[in-house]
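# Structural overview for review
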Amino acid sequence: MATLWTLVATDADGRNIAVSDTLLALDSNHLSRAADGSAVISVGPALSAGDWLEIDGDGPFRLLLSLYDTPLTGGLDWSTSEMPTITRRSCS
Amino acid sequence: MTRVVLWTLGGLVLGLMIHLVVILILPQYAAHDLWDRISAMSEPTQLVVLDKVEAGADNPLALDPLFAQAVCRLDLADGPGQIVGPLPDAFWSIAVFNTKGTAIYATTHRASSNNRLNLGIFNPAQTKLLSQQEISAEADLLVVESPGDDVFAAIRLAPPHPEMLERYRDILRALKCTNLGT
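Keep in mind it's a predicted model, so treat the numbers as computed, not measured. Throughout this description, residue numbers start from 1 for each chain and increase along the sequence as written. By the order in which they are written, chains take letters starting at A while ligands take numbers starting at 1. Local features in this predicted model are restricted to residues of pLDDT 70 or higher, and side-chain atom pairs are both shown and tallied only at a pLDDT of 80 or more, whereas totals for entire chains, interfaces and linings draw on every residue.

## Here we look at the overall build of chain A
Secondary structure assignment for chain A yields zero helices and five strands. Taken from N to C terminus, the helices and strands of chain A fall in the order β-β-β-β-β. Any residue pair is listed as a contact if its two C-beta atoms, each placed from the backbone, are within 7 Å. Of the contacts made within chain A by residues no fewer than 6 positions apart, 54% connect residues no fewer than 24 positions apart. Secondary structure follows DSSP: runs of H or I at least 4 residues long count as helices, runs of E at least 2 residues long count as strands, and numbering of each begins at the N terminus.

Okay, here's the thing in structure tokens:
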């Protein structure tokens with residue numbers, strides 16, 4: 001549904017809360033996907049298997065998904081407008 | 001009694017209308033809008049590569065950390081604007097905004113065949129001169145018409161790998177953002 005998308009985690013003031021400056025965000029070109037093209041991304045301070053955006057701190061945070069070059073903004077194609085689901089996991 | 005009810009109703013409707021109008025025009029009177037910020041950080045024809053996003057640091061423009069990004073402000077009263085230079089074989093986009101921060105034109109790498117950006121921004125009078133061939137333009141110039149003279153362009157490059165971000169910022173620095181002579 002987009003040429004490229006990125007996923008960023010920020011605090012309430014928009015500061016990036018990734019642990020490392022070398023991995024500030026995940027993007028659609030660097031993911032391991034299932035056979036149907038779907039991807040499971042973990043965001044948190046605890047080591048996770050698969051695609052993992054390592055963040056720092058505790059408390060609430062924001063996830064920002066940006067779609068680039070997408071037909072959605074032009075209102076041309078709403079057929080693929082299914083957004084990803086977010087699931088809260090245990091704080092281990 | 002009916003008269004009092006009518007007056008009260010009329011007063012309420014009038015109050016509601018004034019309320020709505022004030023809310024709708026409020027953004028136009030905002031003292032510190034996007035155009036002010038862009039004006040504060042750059043002179044016309046000065047291409048500014050925006051700072052990299054860092055973990056834990058303020059990000060007032062809410063920039064995407066994976067992109068190399070630049071802005072350039074142009075005053076078309078000094079002649080048609082041109083943004084030209086080679087761009088990489090990766091995702092890029094350019095958008096032209098007016099002073100209200102509304103995009104009047106945008107395109108991406110998919111619209112380019114030779115990985116070279118050559119965008120010309122013309123006000124209505126200059127567009128007319130162009131159509132009368134009184135302004136000469138290169139064959140691959142992408143013509144964008146802007147209703148007003150004050151515009152800025154935002155250019156975004158997506159490096160295939162984060163390690164290439166600095167190199168992509170250099171590519172942005174090499175772009176030329178100028179006024180064409182008329």
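## Here's the deal with the nonpolar core
By size, the foremost hydrophobic cluster in this structure holds 48 residues, and its most contacted members are C72(B), I121(B), F152(B), A153(B), L157(B) and L172(B). Elements with a minimum of two residues in this core: strand 1 (4–10) of chain A together with strand 2 (68–75), strand 4 (92–98), strand 6 (116–122), strand 8 (150–157) and helix 4 (165–173) of chain B. Each residue touching I121(B), except ones within four places of it in the same chain, is listed here: L74(B), L76(B), P80(B), G81(B), V96(B), V144(B), S146(B) and V151(B). Here a nonpolar core is just a set of buried residues of the types Ala, Val, Leu, Ile, Met, Phe, Trp, Tyr and Cys, joined wherever their C-beta atoms sit within 7 Å. Exposure in this text rests on C-beta crowding, where 20 or more other C-beta atoms within 10 Å of a residue's own make it buried, 12 or fewer make it exposed, and counts in between make it partly exposed. The C-beta atoms are placed from the backbone.

## So, helix 1 (residues 2–25) of chain B
Expected span of a helix, by definition, is 1.5 Å for each gap between consecutive residues, and there is one gap fewer than residues. Look at helix 1 of chain B: 35 Å from first C-alpha to last across 24 residues, which is about the 34 Å you get at 1.5 Å a residue. Of all the 24 residues making up helix 1 of chain B, zero are buried; the element is thus mostly uncovered.

## Quick word on the interface of chain A and chain B
Between chain A and chain B, the contact holds 19 residues from the first and 18 residues from the second. Those elements that provide at least two residues to the side of chain A that touches chain B are strand 1 and strand 5 (62–68) of chain A. Counting residues per element, the side of chain A that touches chain B draws most heavily on strand 1 of chain A, which supplies three residues.

## Quick look at the sheet that holds strand 2 of chain B
Residues and elements named next belong to chain B. Only when DSSP finds a minimum of two bridges between them are two strands counted as paired. If you walk across this open sheet you meet the five strands as 1-2-8-4-5, and the pairing is antiparallel. In the strand order of this sheet, the two ends are held by strand 1 (47–49) and strand 5 (103–108), each with one partner. On average, each strand axis in the sheet is inclined to that of its neighbour by 15°, with strand direction left out of account. Looking at chain direction, strand 4 and strand 8 are connected through seven bridges and run antiparallel. If you follow W92 over to strand 8, its bridge partner there is L157. Where helices are involved, their axes are fitted lines through C-alpha atoms of the stretch in contact, as for all axes, and angles between N-to-C directions lie from 0 to 180°.

## A closer look at the confidence of the model for chain B
The pLDDT score gives, residue by residue, the confidence of the prediction method on a 0 to 100 scale. Averaged over all residues, the pLDDT of chain B equals 91, while 99% of them reach at least 70. Reported for the predicted complex are a pTM of 0.81 and an ipTM of 0.82.

## Notes on the pairing of strand 1 of chain A
Side-chain direction in a regular strand flips from residue to residue, so the side chains alternate between the two faces of the sheet. Residues and elements named next belong to chain A. Summarising burial for strand 1: six of the seven residues are buried, a large majority. Across seven bridges, the pairing between strand 1 and strand 5 is antiparallel. Following the sheet pairing, L4 is matched in strand 5 by Y68. Of the strand pairs in this sheet, strand 1 and strand 2 (residues 26–27) are connected by two bridges, and their pairing is antiparallel. Each residue of the ladder has a partner; that of L7, found in strand 2, is L26.

## Some words on the sheet that holds strand 5 of chain A
Across the sheet, three strands lie side by side as 2-1-5 (chain A); this open sheet has antiparallel pairing. The open sheet is flanked by strand 2 and strand 5 of chain A, the only strands paired with a single partner.

## Here's the deal with unusual backbone geometry
Positive phi, close to 55°, is recorded for D69(A), a residue that is not glycine. Along the chain, the position of D69(A) falls in the segment after strand 5. Residue D69(A) is classed as partly exposed on the basis of its 18 C-beta neighbours within 10 Å. Within the chain, T45(B) stands out as a residue other than glycine whose phi angle is a positive 65°. Along the chain, the position of T45(B) falls in the loop between helix 2 (34–41) and strand 1.

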